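Summary of the model geometry
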Amino acid sequence: MDITLPLSERITDAAALLAGKRTIRCPHPECGVRIRYHAVTPDEAKRLTSLAIDHARH
């Protein structure tokens, strides 16, 4: 969990994690893209992670 995020976003990410969901954020500091997923195949998780971290794709 990124401590530079606002408290409200950290709380919603923690709540999602407790519900069994993963949240992947774009590492670009000014980008607000995040992808949250639950119960996907390992291949789909890799695809979603790749999409989230590649700032040029969104």
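Structure shown above.
Let us look at the structure shown here. (Residues numbered from 1 in each chain as written. Predicted model: local features only at pLDDT ≥ 70, side-chain atom pairs only at ≥ 80, totals over all residues. Heavy atoms only, no water.)

Side note on the overall build of the protein
Scanning the protein from terminus to terminus reveals 2 helices and 2 strands. Listed N to C, the secondary structure of the protein is α-β-β-α in terms of helices and strands. Taken along the three principal axes of its C-alpha coordinates, the protein extends 30 × 30 × 10 Å. A total of 58 residues make up the protein; the buried ones form 19% of that total. Considering only intrachain contacts with a sequence separation of at least 6, the fraction spanning at least 24 residues in the protein is 27%. A total accessible area of about 4300 Å² is found for the protein, and carbon and sulfur atoms account for 59% of it. (Helix = DSSP H or I, 4+ residues; strand = E, 2+ residues; numbered from the N terminus. Buried < 20%, exposed > 50% of the residue type's maximum accessible area, 1.4 Å probe, protein only. Contact = heavy atoms within 4.5 Å. Areas by Shrake-Rupley, 256 points an atom, 1.4 Å probe, with all protein chains shown as cover.)

A few points about the environment of isoleucine 53
With respect to the element layout, isoleucine 53 can be found in helix H2 (residues 42-53). Judged by relative accessible area, isoleucine 53 falls into the partly exposed class, the value being 47%. Along the backbone, isoleucine 53 and isoleucine 35 are 18 residues apart, and their C-alpha atoms lie at a distance of 9.6 Å. Residue contacts for isoleucine 53: discarding those within four places in its chain leaves Ile24, Arg25 and Pro27.

Let's talk about the nonpolar core
One finds Ile24, Ile35, Tyr37, Ala45, Leu48 and Ala52 forming the largest nonpolar core, which totals 6 residues. Contributions of two or more residues to this core are made by strand E2 (34-37) and H2. Examining the composition of this core, we find that 3 residues originate from one element, H2, more than from any other. Isoleucine 24 has contacts with Val33, Arg34, Ile35, Tyr37, Thr49, Ala52 and Ile53, leaving out every residue within four places of it along the chain. (Core = buried A, V, L, I, M, F, W, Y, C linked by side-chain atoms within 4.5 Å.)

Considerations on the pairing of E2
Only one face of E2 is covered, namely the face carrying Ile35 and Tyr37; the face carrying Arg34 and Arg36 is uncovered. For strand E1 (residues 22-25) and E2, the ladder comprises 4 bridges, and the chain directions are antiparallel. Among the inter-strand pairings, arginine 25 is bridged to a residue of E2, identified as arginine 34. (Pairing = 2+ DSSP bridges.)

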